[in-house]
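Spelled out from the first residue to the last, the chains are:
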Amino acid sequence: MTIQTFDHTRTLARELAARVLARIERQPALVLGLPTGRTPLPFYEALREQTRVRGTRWADVRTFNLDEFVGLPPDHPGRYRAYMERELFQAVGVSAERAGFLDGNAPDLEAECRRYERAIADAGGIDVMVLGIGANGHIGFNEPGDGLMAFTHRAQLQPATRLANASLFGGDVEQVPHEALSMGMTTILRARAIVLMATGEEKADAVARMLGGPVTTKLPASFLQLHPEVTVLLDPAASPR
Ligand code: F6R
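Quick caveat, the model's predicted, so the values are computed rather than measured.

(A) Just the site of the ligand, in detail. Close to the ligand lie 14 residues; R38, T39, D67, H138 and K203 are nearest. Between G140 and the ligand, the recorded distance is 2.8 Å, taken from a backbone N or O atom to an oxygen atom. Within the side chain of K203, one N or O atom sits 2.6 Å away from an oxygen atom of the ligand. Starting from 410 Å² of accessible surface for the ligand in isolation, the protein chains cover 94%.

(B) Seen up close, the packing of aromatic side chains. With the rule as written, the count across this model stands at eight aromatic pairs. Ring geometry for F69 and F141: centres 6.0 Å apart, planes at 40°, overall tilted. Taken together, the residues span a long stretch of sequence, with F69 in strand β4 (residues 67-69) and F141 in the loop between β6 (128-131) and β7 (153-156) at a distance of 72 residues. For F69, a relative accessible area of 2% translates into the label buried. Residue class for F141 comes out buried when judged on its relative accessible area of 3%. An aromatic cluster of at least three residues, connected via ring pairs, comprises F69, Y80, F141 and F169.

(C) Examining the nonpolar core more closely. Ranked by size, the top nonpolar core spans 41 residues in total, and within it F43, L47, W58, F69 and L88 carry the most contacts. Mapped onto this core, the elements with two or more residues apiece are α1 (9-26), β2 (31-34), α2 (41-54), α3 (80-92), β6 and β9 (193-198). If you tally residues by element for this core, the top one is α1, at seven residues. Beyond its immediate sequence surroundings of up to four residues, F43 is in contact with A13, L16, A17, V20, V130 and M197. C113, L131, A198 and A221 belong to the second largest nonpolar core, which has 34 residues in total.

(D) Fine view of the packing of α2 against α3. Between α2 and α3, whose axes approach to 9 Å, the crossing angle comes to 15°. In terms of axis orientation, α2 runs roughly parallel to α3. Considering how the two elements wind past one another, α2 and α3 form a crossing that is left-handed. Every residue of α3 that contacts α2 at L41, Y44, L47, R48 and T51 is listed here: Y83, M84, E87, L88, A91 and V92. By residue class, the composition of the contact of α2 with α3 is eight nonpolar, one polar and two charged.

(E) Here's a closer look at the side chain of T51. Along the chain, T51 turns up in helix α2. A residue is classified by how much of its surface remains accessible, and T51, at 7% relative accessible area, is buried.

Cut-offs and rules
Residues numbered from 1 in each chain as written. Predicted model: local features only at pLDDT ≥ 70, side-chain atom pairs only at ≥ 80, totals over all residues. Heavy atoms only, no water. Near = heavy atom within 4 Å. Polar contact = N/O pair within 3.5 Å; in protein donor to acceptor, adjacent residues only side chain to side chain. Areas by Shrake-Rupley, 256 points an atom, 1.4 Å probe, with all protein chains shown as cover. Phe/Tyr/Trp six-rings, centres within 6.5 Å; stacked < 30°, edge-to-face > 60°. Helix = DSSP H or I, 4+ residues; strand = E, 2+ residues; numbered from the N terminus. Buried < 20%, exposed > 50% of the residue type's maximum accessible area, 1.4 Å probe, protein only. Core = buried A, V, L, I, M, F, W, Y, C linked by side-chain atoms within 4.5 Å. Contact = heavy atoms within 4.5 Å. Axes fitted to C-alpha atoms, helices over the stretch in contact; angles between N-to-C directions. Parallel < 35°, antiparallel > 145°, perpendicular 65-115°, else oblique. Left-handed = near helix turned anticlockwise from the far one by under 90°. Nonpolar A, V, L, I, M, F, W, Y, C, P; charged D, E, K, R; others polar.

Pasting the structure below:
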């Protein structure tokens, strides 16, 4: 793994945005895997700004988001689709047909997970997968446990993960769904390149274990040690001491 520490979250976000846009300019039909959450907000802001300045064309880019809540109404602002529209897609011009999402309202959720795996394969696989990390070491909604799911699946969210998402629900953790659909570990590890961003002190322990501990289902991000092309971008607070 390549580890890079930046003096400030904003510097990290700007640098990653510049790298992603340079890659899109070289490879206009890039397939990107994308996270939601708090960590990527400065990255999406930098992508919006730099896309405007550089005039980068997103028309042929395809995206696949990592995960989505189960059971939220189509117009609910807490849906990750709504987050992505707000934070990135409207501003840079990623159309609904080119933005892959799991449908947490599909009548058959298992079939929906299989559809997503096929859609990623039909797009030629993910070129660059951008990840955040939970304080408990989860990636996507692959939570620590006795086992991990390989492919896109239905996931039960742990209390800490629901709490971390409460801001999307007016701060009310009771409103956060108990279930989500998520890419699995193999779905993530099949990406050609992976970039993980971690900022803030609450991530330092998970980052240290991800980088230096054993590969274990108790810390799903540790599986990234098995991938040949992972870059970890950190701010000073999240860096191992
Ligand atoms: C969200 C996702 C999650 C987050 C993680 C960190 O799509 O995949 O694994 O990356 O929960 O969230 P923040 O960035 O809010 O700390």
